[in-house]
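# Summary of the model geometry
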Amino acid sequence: MIRFGIIGCGAISNTHASAIAQLDGAMFGACCDINVTRGQAFAQKNNCRFYDDYHALLADKTLDAVIIATPHYLHATMSLASLAAGKHVLCEKPMATTKEDAAALAIAVEKSKKVYAVCFQNRFNPPFIKLKKMIEQNKFGNLNGVKCELTWHRDQAYYAAADWKGSLVQEGGGVLINQGIHTLDAITWFIAPLDKIKGKIMTSLLEDVIEVEDAAMATGLIGEIPIVIHASNNFSSSPSPTITFDFEKSSIVLSMETLMIDGQVVDIQSITQSAEHKAQWGDSHKRLIEAFCHRLNGQYALNDEYLPGLDARYALAIIWGIYDSNQLNRWVTL
Ligand SMILES: NC(=O)c1ccc[n+]([C@@H]2O[C@H](COP(=O)([O-])OP(=O)(O)OC[C@H]3O[C@@H](n4cnc5c(N)ncnc54)[C@H](O)[C@@H]3O)[C@@H](O)[C@H]2O)c1
């Protein structure tokens, strides 16, 4: 049995709780939040101990692993402290908010020999897995270009609901580092890390509300392959982000729920029911945590190799490259 402690009992903690409740070999031993009411409610619901200081949780010898689900600026500090306390770490995205912290974390992870993972759960969406395997089998020929688009709705009420969201220091950025990061991770995971980027960010509809960007556009390069990026939090609703792959033999459009190849929707129902994907649709957090537990136990199951670890840095490299490029008004080498 793997005993998890979770630091941060806010919105996303319930997704982790429902995932762990569905896994035979995992349970919560403890939780922590500086908001005592919220933390105690989580502890009661999940039948675990409560701490109001994460150092106390890390000193709890009964815990094997820690889930970090706090505001972005705390991720690197808490990950480093967790590794130093001998815990395995599953951290919500992003792994860090500064280049220095990401570099320090990479060194600490290598030294620690602990399992370190970042919560890019979309890698475990059935259409993503299906496409990943087809690309690995080189089914589509050369890649000519990639386009990705995320247009969501994040308004004043969204930012008012959490004091750290919209703060440059605490969130570390806006639509790119919070919402777009999953899509950017997907590009690096499907294809490769980007070599160069030129981009622009702005704060438009939310200019009086937040310090961070609510819109971004960029052109990246993997070798000679153009990667076109568009992200905005100013749309009227939040449709599934899409990635379009322009391959020599096929045009592919991937969303969270669907995979379309040359205009034909691939039957995801049959994918989820195949031996390859026994789990239920829509529970990618659960699949990611399951892969984390397998890694921790030294076991292997199909697709466990897709667990995001230090390769989570590549999405951040794109984001920081866009921020730097915006400031310098030139291409940035990543
Ligand atoms: N993987 C995903 O799809 C996904 C989705 C939503 C959120 N997230 C990520 O999850 C993380 C949390 O987001 P959220 O929406 O749940 O935020 P939230 O503001 O709802 O929750 C954060 C919690 O952390 C607590 N906290 C703050 N400082 C603390 C400290 N020093 N010690 C202990 N607890 C502390 C807060 O009191 C709060 O309860 C973020 O990194 C976010 O990007 C990921």
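Presented here is a report on the structure given in the accompanying data block. Keep in mind that this is a model prediction, so the values were computed, not measured.

Parameters and conventions
- Residues numbered from 1 in each chain as written.
- Predicted model: local features only at pLDDT ≥ 70, side-chain atom pairs only at ≥ 80, totals over all residues.
- Heavy atoms only, no water.
- Pairing = 2+ DSSP bridges.
- Helix = DSSP H or I, 4+ residues; strand = E, 2+ residues; numbered from the N terminus.
- Buried < 20%, exposed > 50% of the residue type's maximum accessible area, 1.4 Å probe, protein only.
- Right-handed = clockwise from strand over helix to strand, strands pointing away.
- Axes fitted to C-alpha atoms, helices over the stretch in contact; angles between N-to-C directions.
- Parallel < 35°, antiparallel > 145°, perpendicular 65-115°, else oblique.
- Left-handed = near helix turned anticlockwise from the far one by under 90°.
- Contact = heavy atoms within 4.5 Å.
- Nonpolar A, V, L, I, M, F, W, Y, C, P; charged D, E, K, R; others polar.
- Salt bridge = Lys/Arg side-chain N within 4 Å of Asp/Glu carboxyl O.
- Near = heavy atom within 4 Å.
- Polar contact = N/O pair within 3.5 Å; in protein donor to acceptor, adjacent residues only side chain to side chain.
- Areas by Shrake-Rupley, 256 points an atom, 1.4 Å probe, with all protein chains shown as cover.
- 1 Å grid on protein atoms, 1.4 Å probe; cavity = no way out; pocket = protein on both sides within 12 Å on 5 of 7 lines; lining within 4 Å.
- Points joined across faces, edges and corners; volume = space filled by probe spheres on them.

## Focus on the sheet that holds strand E15 (residues 332-333)
Ordered by their spatial adjacency, 9 strands build an open sheet running E14-E13-E12-E11-E7-E10-E9-E8-E15, and the pairing between neighbours is mixed. Two strands lie at the open edges of the sheet, namely strand E14 (264-265) and E15, each paired on one side alone. Of the strand pairs in this sheet, strand E13 (residues 259-261) and E14 are connected by 2 bridges, and their pairing is antiparallel. From the neighbouring strand, Met260 faces E14, where its bridge partner is Val265.

## Quick word on unusual backbone geometry
Of note, the bond from Lys93 into Pro94 is cis; its omega dihedral lies within 30 degrees of zero at -5 degrees. Its location among the elements puts Pro94 in the loop between strand E5 (88-91) and helix H5 (99-112). Backbone geometry at Lys113 places phi at a positive 60 degrees, although glycine is not the residue there. With phi around 80 degrees, Asn303 is a residue other than glycine that occupies positive phi space. Topologically, Asn303 is positioned in the loop between helix H11 (284-297) and helix H12 (313-328).

## A word on the pairing of strand E1 (residues 2-7)
Here E1 lies mainly inside the structure; 5 of its 6 residues are buried. On the question of chirality, the crossover connecting E1 to the parallel strand E2 (residues 26-32) by way of helix H1 (residues 13-21) is right-handed. Pairing analysis gives 4 bridges linking E1 to strand E4 (residues 65-68), with the strands arranged parallel. Paired with Ile6 across the bridge in E4 is Ile67.

## Quick look at the packing of helix H4 (residues 75-84) against H5
Where H4 contacts H5, the axes come no closer than 10 Å and their chain directions differ by 15 degrees. With respect to their mutual orientation, H4 and H5 come out roughly parallel. In this structure, H4 crosses over H5, and the sense of that crossing is left-handed. Facing H4, whose interface residues are Ala76, Ser79, Leu80 and Leu83, H5 presents Asp101, Ala104, Leu105, Ala108, Val109 and Ser112. Looking at side-chain class alone, the contact of H4 with H5 contains 7 nonpolar, 2 polar and 1 charged residues.

## Notes on the pattern of salt bridges
The final tally for this structure, using the stated rule, is 6 salt bridges. Several salt bridges converge on common partners, so that one network encompasses Arg123, Asp185 and Asp311.

## Considerations on the site of the ligand
As a structural note, the neighbourhood of the ligand is formed by 28 residues, with Asp33, Arg38, His72, Gln121 and Trp164 the closest of them. Between Asp33 and the ligand, the recorded distance is 2.6 Å, taken from a side-chain N or O atom to an oxygen atom. In the environment of the ligand, an oxygen atom lies 3.2 Å from a nitrogen or oxygen atom belonging to the side chain of His182. In isolation the ligand offers 850 Å² of accessible surface; the protein chains occlude 85% of this area. Secondary-structure elements contributing two or more residues to the shell around the ligand are H4 and helix H9 (175-190). Here the shell around the ligand is composed, by residue class, of 13 nonpolar, 10 polar and 5 charged.

## Focus: empty space enclosed by the protein
All told, the structure shown has 1 cavity of 30 Å³ or more when counted by the stated rule. Put simply, the largest cavity is a space of about 40 Å³. Lining the largest cavity we find Cys148, Leu150, Leu176, Gly180, Thr183, Leu184, Ile229, His230 and Ala231. If you list the elements that add at least two residues to the lining of the largest cavity, you get strand E7 (143-151), H9 and strand E10 (225-232). By residue number, the principal contributor to the lining of the largest cavity is H9, which donates 4 residues. Here the residues of the lining of the largest cavity are counted per class, giving 6 nonpolar, 3 polar and no charged.

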